[in-house]
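In case you want the letters, here they are:
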Amino acid sequence: MRVNLYSGFSALIHPSICITCQQKVVKKEEVICIECDYHLPRTNFHTEKKNKFTERFWGRIPIEAAASMYYFNGNEHVKRIIHGLKYEGKTQIGEQVGRIMGKRIAYANPTFQKIDLILPVPLHYKRQKERGYNQSDFFAKGLAKTLIAIWRNDLLTRKVNTKSQTTMNALERMKNVENIFEVVDPAFLKNKNILLVDDVVTTGATLEACAKEILKVEGTKVSLATMAFVL
Ligand SMILES: [Zn+2]
């Protein structure tokens, strides 16, 4: 909660400063300026049907399309963006990246125009209580605006409060999240084109575990979107 209060206070004093270069931004609701946005390392995965993101899921689960906004590796600005969103309460970052990304992916790839429902990867309620929010909710909210879809954060839940995955290898990550997610209202998901979203994708274990549960519901199709992609 402390993080949230600080962020609200900070936003009042510095309403329009770019998170990466500290220069003024044009619009009050923006947190990444036009120039920084232009220089960030975009993946442009959404312009290719087969890309490094879809490849990561080959032989695992059927994915309609997958897009990620930025490469995470070795870029200080992208790290700053993710860190600000995740740990400093700067939730506007998620919304802004979501809005920009929604426009770009819908324009370039018809699969993203058909999305009905956007579901963020859920945090365990204890983790969310500690952080005060789920960072992926804000990214989902931004995407929903420009993809003209609805987003819901109450249809998928995390039953187990798992350990941090940062030091785990691919197999350990897979075991860590196996069978820990649950679809709350399967009838609502039936026959929908669903976009499952998270902040960063590394091995894809978490997205895979969530998608598996969603795909158990009749007629569902799953696409994926993340803010950053770890090579
Ligand atoms: Zn900037």
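Residues numbered from 1 in each chain as written. Predicted model: local features only at pLDDT ≥ 70, side-chain atom pairs only at ≥ 80, totals over all residues. Heavy atoms only, no water.

Caption draft 1: Structural view of the overall build of the protein chain. A count of helical and extended segments in the protein chain gives eleven helices and seven strands. The globule rule puts the C-alpha radius of gyration for 231 residues at 17 Å, and the 17 Å found for the protein chain is close to it. Overall, the C-alpha framework of the protein chain stretches about 50 × 40 × 35 Å when taken along its three principal axes. Per-residue burial over the protein chain gives 51% buried out of 231 residues. In the protein chain, the proportion of contacts linking residues at least 24 apart, taken out of those at least 6 apart, comes to 76%. Carbon together with sulfur atoms contributes 54% to the accessible area of the protein chain, which is approximately 11,900 Å² in total. (Helix = DSSP H or I, 4+ residues; strand = E, 2+ residues; numbered from the N terminus. Rg over C-alpha atoms; globule rule 2.2 N^0.38 Å. Buried < 20%, exposed > 50% of the residue type's maximum accessible area, 1.4 Å probe, protein only. Contact = heavy atoms within 4.5 Å. Areas by Shrake-Rupley, 256 points an atom, 1.4 Å probe, with all protein chains shown as cover.)

Caption draft 2: Structural detail: the packing of helix H9 (residues 170-177) against helix H11 (residues 205-215). The geometry of H9 relative to H11 is characterised by a closest axis approach of 9 Å and an angle of 35° between their N-to-C directions. Judged by the twist between their axes, the crossing of H9 over H11 is right-handed. In this structure, H9 uses Arg173, Met174 and Val177 to contact H11, whose residues at the interface are Ala205, Thr206 and Ala209. Its residues assigned to classes, the contact of H9 with H11 comprises four nonpolar, one polar and one charged. (Axes fitted to C-alpha atoms, helices over the stretch in contact; angles between N-to-C directions. Left-handed = near helix turned anticlockwise from the far one by under 90°. Nonpolar A, V, L, I, M, F, W, Y, C, P; charged D, E, K, R; others polar.)

Caption draft 3: A look at the nonpolar core. One finds Ile118, Leu143 and Leu195 to be the most contacted residues of the largest nonpolar core, which totals 38 residues. Among the elements that line this core, the one with the most residues is helix H5 (residues 92-108), at six residues. For Ile118, the contacting residues outside a window of four places in its chain are Ala140, Leu143, Ala144, Leu147, Ala149, Ile150, Trp151, Arg152, Leu195 and Val197. In this structure, Phe53, Ile63, Ile180 and Leu189 belong to the second largest nonpolar core, which totals 30 residues. (Core = buried A, V, L, I, M, F, W, Y, C linked by side-chain atoms within 4.5 Å.)

Caption draft 4: Summary view of the coordination of the zinc ion. Taken together, Cys18 (SG), Cys21 (SG), Cys33 (SG) and Cys36 (SG) make up the protein donors of the zinc ion, found 2.3 Å from the metal. One can describe the donor arrangement at the zinc ion as tetrahedral, given that its four donor atoms subtend angles of 106 to 115° at the metal. Donor residues for the zinc ion, ordered by position in the chain, follow C-x2-C-x11-C-x2-C. Of the two residues, Cys21 is situated in the loop between helix H1 (2-13) and helix H2 (34-39) and Cys33 in the loop between H1 and H2; the sequence distance between them amounts to twelve residues. (Donors = N, O, S within 2.8 Å, 3.2 Å for Na, K, Ca; no water. Tetrahedral: all angles 85-135°; square planar, octahedral: opposite > 155°, others 65-115°.)

Caption draft 5: Broad picture of the packing of aromatic side chains. For the structure on display, the rule yields five aromatic pairs. Consider the rings of Phe45 and Tyr71, whose centres lie 5.8 Å apart with planes at 90°: the pair is edge-to-face. On the criterion of sequence distance, the pair formed by Phe45 in the loop between H2 and helix H3 (52-55) and Tyr71 in strand E1 (residues 66-71) is long-range, its members being 26 residues apart. One exposure class covers both Phe45 and Tyr71, and it is buried. With centroids separated by 5.6 Å and ring planes inclined at 55°, the aromatic side chains of Phe53 and Phe229 adopt a geometry described as tilted. (Phe/Tyr/Trp six-rings, centres within 6.5 Å; stacked < 30°, edge-to-face > 60°.)

Caption draft 6: Broad picture of the pattern of salt bridges. For the structure on display, the rule yields 14 salt bridges. Residue Lys79 is joined to Glu76 by a salt bridge in which the shortest nitrogen-to-oxygen separation is 3.9 Å. On the criterion of helical spacing, the pair formed by Lys79 and Glu76 is a turn pair, its members being three residues apart in helix H4 (residues 76-87). We classify Lys79 as partly exposed; its relative accessible area is 35%. A salt bridge links Glu88 to Lys90, with the nearest nitrogen and oxygen atoms 3.3 Å apart. A relative accessible area of 22% means that Lys90 is categorised as partly exposed. (Salt bridge = Lys/Arg side-chain N within 4 Å of Asp/Glu carboxyl O.)

Caption draft 7: Fine view of the sheet that holds strand E2 (residues 117-120). Taken in spatial order, the five strands of this open sheet run E1-E7-E6-E2-E3, and their pairing is parallel. Taken across any chain shown, the strands that pair with only one partner, and hence form the sheet edges, are E1 and strand E3 (150-151). Where E2 lies against E3, two bridges are found, and the strand directions are parallel. When the sheet's bridge partners are listed, Ile118 is paired in E3 with Trp151. Against the sheet, H5 makes contact with E1 and strand E7 (221-229), and its axis sits at roughly 125° relative to E1, the strand it touches most. In this fold H11 packs onto E2, strand E6 (193-201) and E7, with an angle of close to 165° to the strand it touches most, E6. (Pairing = 2+ DSSP bridges.)

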